[in-house]
Amino acid sequence: MNPVVIIPTFHTGRRHRPGSNAVATYDHATPLNEPGDLGRCLESLEKVQDLGLVVVLVSAEAAIARQAEEKVRAIAEAHPQLNVMVVGQDVLALIRQRMEQLNVGKLDFEIGLSGYGATRNVGLVVASALGFDAAVFIDDDEVIDDPRFLHEAMYGLGKLTRKGIPILAKTGYYINDQGSYLSKWEDAWYNRFWQQGAAFNQWITTAMKGPRLSRSNHVCGGCLAVHKEAFRRLAFDPWISRGEDLDYMLNLRMYGSDIWFDNKWKLRHLPPESASEGDRFRQDIFRWIYEYRKLEYSRALIDLQQVKAESLEPYPGPFLEPGLARRIALTALLRSFARDDKKAYRRAAKAARKEAQVFAERNCAKYFSFQYTWPELIARVEGDQMLARALVNSALVAHDAPMAAAPQGVRMAPGADAMAAAPQPAAAQRPMPVAPRGAGIDPGATTEIRLNLSDFED
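Residues numbered from 1 in each chain as written. Predicted model: local features only at pLDDT ≥ 70, side-chain atom pairs only at ≥ 80, totals over all residues. Heavy atoms only, no water.

(A) Examining the overall build of the protein chain more closely. Of regular secondary structure, the protein chain possesses 14 helices and ten strands. Counting over 458 residues, the protein chain shows a buried share of 58%. Put simply, 83% of the contacts in the protein chain that link residues at least 6 apart link residues at least 24 apart. Accessible surface, the protein chain as shown: approximately 18800 Å² in total, 49% of it carbon and sulfur. (Helix = DSSP H or I, 4+ residues; strand = E, 2+ residues; numbered from the N terminus. Buried < 20%, exposed > 50% of the residue type's maximum accessible area, 1.4 Å probe, protein only. Contact = heavy atoms within 4.5 Å. Areas by Shrake-Rupley, 256 points an atom, 1.4 Å probe, with all protein chains shown as cover.)

(B) Just unusual backbone geometry, in detail. With an omega dihedral of 0°, the bond running from E313 to P314 counts as a cis peptide bond. Looking at the element boundaries, P314 is found in the loop between α9 (277-298) and α10 (324-338). With an omega dihedral of 5°, the bond running from Y315 to P316 counts as a cis peptide bond. Secondary-structure assignment places P316 in the loop between α9 and α10.

(C) Geometry of a nonpolar patch on the surface. A contiguous nonpolar surface patch, about 360 Å² in accessible area, is contributed by W189, L333 and F337. Taking the relative accessible area as the measure of exposure, L333 reaches 37% and is therefore partly exposed. (Patch = residues over 30% accessible without salt bridge, like charges linked within 9 Å, V, L, I, M, F, W, Y side chains within 5 Å. Salt bridge = Lys/Arg side-chain N within 4 Å of Asp/Glu carboxyl O.)

(D) Quick peek at the side chain of T331. Mapped onto the fold, T331 is located in helix α10. Residue T331 is classed as buried on the basis of its relative accessible area, which comes to 0%. Setting aside residues up to four positions removed in sequence, T331 forms contacts with Y190, N191, F193, W194 and F281.

(E) How the structure looks around the packing of aromatic side chains. Tallied over the entire structure, the rule returns 26 aromatic pairs. Here F137 and F236 contribute two aromatic rings whose centre-to-centre distance is 5.6 Å and whose plane-to-plane angle is 80°, an arrangement assigned as edge-to-face. With F137 in strand β5 (residues 134-138) and F236 in the loop between α7 (228-231) and α8 (244-254), the pair connects residues that are 99 residues apart, well separated along the chain. A connected cluster of aromatic rings, assembled from ring pairs, spans Y173, Y181, W194, F200, W203, F261, F281, W288, Y315, F319 and Y345. (Phe/Tyr/Trp six-rings, centres within 6.5 Å; stacked < 30°, edge-to-face > 60°.)

(F) Local environment of the pairing of strand β4 (residues 83-87). With five of five residues buried, β4 is to be regarded as a mostly interior element. Judged by which residues are buried, β4 turns out to be covered on both faces: N83, M85 and V87 on one side and V84 and V86 on the other are all buried. Note that the unit made of strand β3 (residues 53-60), helix α2 (residues 65-77) and β4 has a crossover that is right-handed. (Right-handed = clockwise from strand over helix to strand, strands pointing away.)

Following this line, the structure appears as structure tokens:
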């Protein structure tokens with residue numbers, strides 16, 4: 001298999017500003033005048049075996065978008081051992097231009113560099129256009145210690161369980177700064193109605209004791225591998241405020257597939273301290289209320305499989321049950337007495353009573369309409385030579401070192417340079433025939449995967 005590594009990176013012009021836009025507010029946006037963690041992440045990738053292309057998706061406010069892209073490109077240029085493609089607003093414009101030429105439709109909100117879900121969708125479009133057969137998502141605040149990281153990521157992907165179920169998406173897990181995979185959230189009195197940390201710890205403790213691959217109730221978006229057969233069918237939800245990774249698992253279940261947990265695949269997650277604990281919880285309020293309404297709405301659609309809270313025990317089922325809004329509002333109120341970020345928690349409690357519910361009601365049906373368009377979009381851009389040439393010429397960070405050779409049989413269409421006519425950074429002017437690829441990674445023999453799953457009850 002030839003995976004592409006995709007890294008979304010979020011930048012802001014200010015250190016902290018409470019987000020009025022529920023979708024375009026981020027946990028750890030990097031201030032423009034600070035280096036951030038992307039360089040550390042890229043440095044850790046330098047030792048990863050059989051690494052091909054790394055795509056960095058640059059999300060930033062419109063006023064600083066170009067500056068953020070220049071900053072990210074400079075960080076990438078400091079790592080000449082890597083083949084990095086930087087996707088900012090100019091490259092996004094090329095993608096949208098080609099989508100318009102292919103008669104796909106206007107999807108600026110759904111596929112863009114604003115919001116977690118829309119940004120990941122750009123990554124999937126790039127992976128499809130360049131002909132990769134798997135996408136591996138990591139985050140810019142992570143460190144990879146294992147040189148065989150991509151081999152572990154590809155293990156079992158595209159194979160079958162002993163009951164013939166295809167493994168089309170899988171997640172690993174995070175090690176935190178304390179060397180643990182357990183959540184650090186405490187079971188304090190102010191979390192009486194919201195024991196999220198305890199529920200997650202119960203789930204992952206069981207999963208870590210099981211077979212290497214098991215059906216997952218959780219997804220680490222910064223340790224996520226998606227086979228092309230999954231992203232051909234399914235997009236990320238651009239209307240969710242955060243938790244787009246777990247949402248993707250729920251979407252896969254609704255559309256008849258699943259995500260698998262690999263208890264041998266891991267990396268270190270070292271996020272900066274949250275600028276506002278209360279505002280992050282406010283985003284969680286929008287997320288869970290939206291998710292609840294979305295699942296509720298999906299039950300009225302006869303072509304989808306029903307996903308019920310009781311099938312998601314011990315996590316995240318308890319956070320998708322009736323009474324959710326009251327419990328989460330009470331938790332925000334209790335935390336406003338006990339935690340330092342009091343004003344932000346009071347804003348969060350207020351959002352749970354009205355604002356988040358209005359947002360969920362207005363938007364819970366939109367993803368399903370978008371899903372009608374997504375497979376057609378991917379079918380049209382997959383392996384599209386004109387878009388591929390534009391992406392490589394416009395976004396690949398050029399180094400003096402020679403790039404990887406073209407895979408056998410891959411050629412670019414004549415005249416495809418026309419798509420690359422938009423203004424480009426000087427470093428990206430050198431024409432390239434194809435996106436760099438790794439040596440190809442064997443996901444393992446089917447019989448081996450079935451053997452390792454022999455104790456798992458499908």
